[in-house]
Amino acid sequence: MSRRKIVAGNWKMNMTPTEAVALVNELKPLVVNDDVDVVFCVPAIDIIPAMEAAKGTNINIGAENMYFEEKGAYTGEISPAMLNDAGVKYVIIGHSERREYFAETDETVNKKVLKAFEHEITPIICCGESLTQREQGITIDWIRQQIKIAFLNVNADQAKKAVIAYEPIWAIGTGKVATTEQAQEVCAAIRVCIGELYDAATAEAIRIQYGGSVSGASAPELFAQPDIDGGLVGGASLKPDFGKIVNYNK
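Worth saying up front: this structure is predicted, and the values here are computed from it rather than measured.

Describing the pairing of strand S7 (residues 207–211)
Of all five residues in S7, five are buried, a share of seventy percent or more. The alternating pattern of S7 places Arg207, Gln209 and Gly211 and Ile208 and Tyr210 on opposite faces, both of which are buried. By the bridge criterion, two bridges tie S7 to strand S8 (residues 230–233) in an arrangement that is parallel. Residue tyrosine 210 lies in a different strand from S8, and its bridge partner there is glycine 231.

This is the structure we're talking about:
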C-alpha cells in the first residue's frame, strides 16, 4: 500500500489576516502537486480569510490548536464545532511549543485527539524529544509513551486516518536537522508502536511526518524514506521554499 504524502505548514504566531491572504495567493501556484496533500495550519484569526483565499485550490486550511470541550466558559479557546463551521479539516495537536509554553500534557493531547475525531477533523499529533532525552538514549521510549497516551481510546478506523508528526524539539527552528537516518529510525519506531497498539494494517495506513527545519533541499531525501510520509514545516512554510518542499518529487 502506498501512502499519500502530506506536507503541512505550521505558521505558528505569524501573519495578520491581510498578510495571510497575500501569502496564500503567493504560494497557490507553487504548491500544486497531485501526489501530495497540502495543508496550511494558520492562526485562528487567519482561518476564515485564508479559507476564502484558498478556495478552488488544492490547499487545505487547518488550525494550530483546539480545545477538547464543545463550548462554555473557556475564554480564548476555540471549539471543534467552530472549526467544523469554518470548514477546517486538520488540526495540529500537542505541538512541543504548546506543551512547553501552555502546559499541555499527554493527557490533554489525548482529550483533544478524541474530540477531533468526534468532529471528523484529522489530528496532526505531534511528538518529539529534547536534546537531553536524545543524549540520554531514551528517545524511542519517550516517543512510544507520547504515542500510547495520545491514542488511548482511539479505535483502529480512527487511527488509520490520523497523522503523526515526529519533531525532535532540538531541531525546531534551530537550523539543525535530524539526519535522515535518525528521522527514519524514529518514524519506523512510531509505526511499530502503532502496529502493537492496533494491527499491521493500521500501522501501514497511518501517515507519519517528519518536522524540524525541513527545507526544499532536505525534503527529497527525507520523504524518500520508507516510513516518512511528508513533513510538518515551520519557518519554510512562510516562504516560497515551501513550494519546493511540496514538489520534492519534481
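A short note on the nonpolar core
If you look at soluble globular proteins, the nonpolar side chains tend to sit buried side by side. Phe40 and Phe151 are the most contacted members of the largest nonpolar core, which has 66 residues in total. Residue contributions to this core peak at six residues, all from helix H9 (residues 180–197). For phenylalanine 40, the contacting residues outside a window of four places in its chain are Gly9, Trp11, Val24, Leu27, Val31, Ile59, Asn60, Ile61, Gly62 and Phe242. Counting eleven residues, the second-largest nonpolar core is a separate cluster that includes Ile6, Ile124, Cys126 and Leu232.

Re the side chain of aspartate 227
Counting through the fold element by element, aspartate 227 comes out in the loop between helix H11 (219–223) and S8. Among the polar contacts listed, one links the side chain of aspartate 227 to the side chain of glutamine 184, at a separation of 2.8 Å. Polar contacts involving the side chain of aspartate 227 include one to the side chain of arginine 191, which spans 2.6 Å. Among residues more than four places away in sequence, those in contact with aspartate 227 are Arg3, Gln184, Cys187, Ala188, Arg191 and Ile208.

Comments concerning the pattern of salt bridges
Taken as a whole and assessed by the stated rule, the structure comprises 16 salt bridges. Linking arginine 99 and aspartate 106 is a salt bridge whose minimum nitrogen-to-oxygen distance equals 2.6 Å. Note on arginine 99: relative accessible area 18%, which makes it buried. Put simply, Arg3, Arg191, Glu204, Asp227 and Asp229 are held in one network by salt bridges that share partners.

What counts as what
Residues numbered from 1 in each chain as written. Predicted model: local features only at pLDDT ≥ 70, side-chain atom pairs only at ≥ 80, totals over all residues. Heavy atoms only, no water. Buried < 20%, exposed > 50% of the residue type's maximum accessible area, 1.4 Å probe, protein only. Helix = DSSP H or I, 4+ residues; strand = E, 2+ residues; numbered from the N terminus. Pairing = 2+ DSSP bridges. Core = buried A, V, L, I, M, F, W, Y, C linked by side-chain atoms within 4.5 Å. Contact = heavy atoms within 4.5 Å. Polar contact = N/O pair within 3.5 Å; in protein donor to acceptor, adjacent residues only side chain to side chain. Salt bridge = Lys/Arg side-chain N within 4 Å of Asp/Glu carboxyl O.

Structural measurements only, silent on function.
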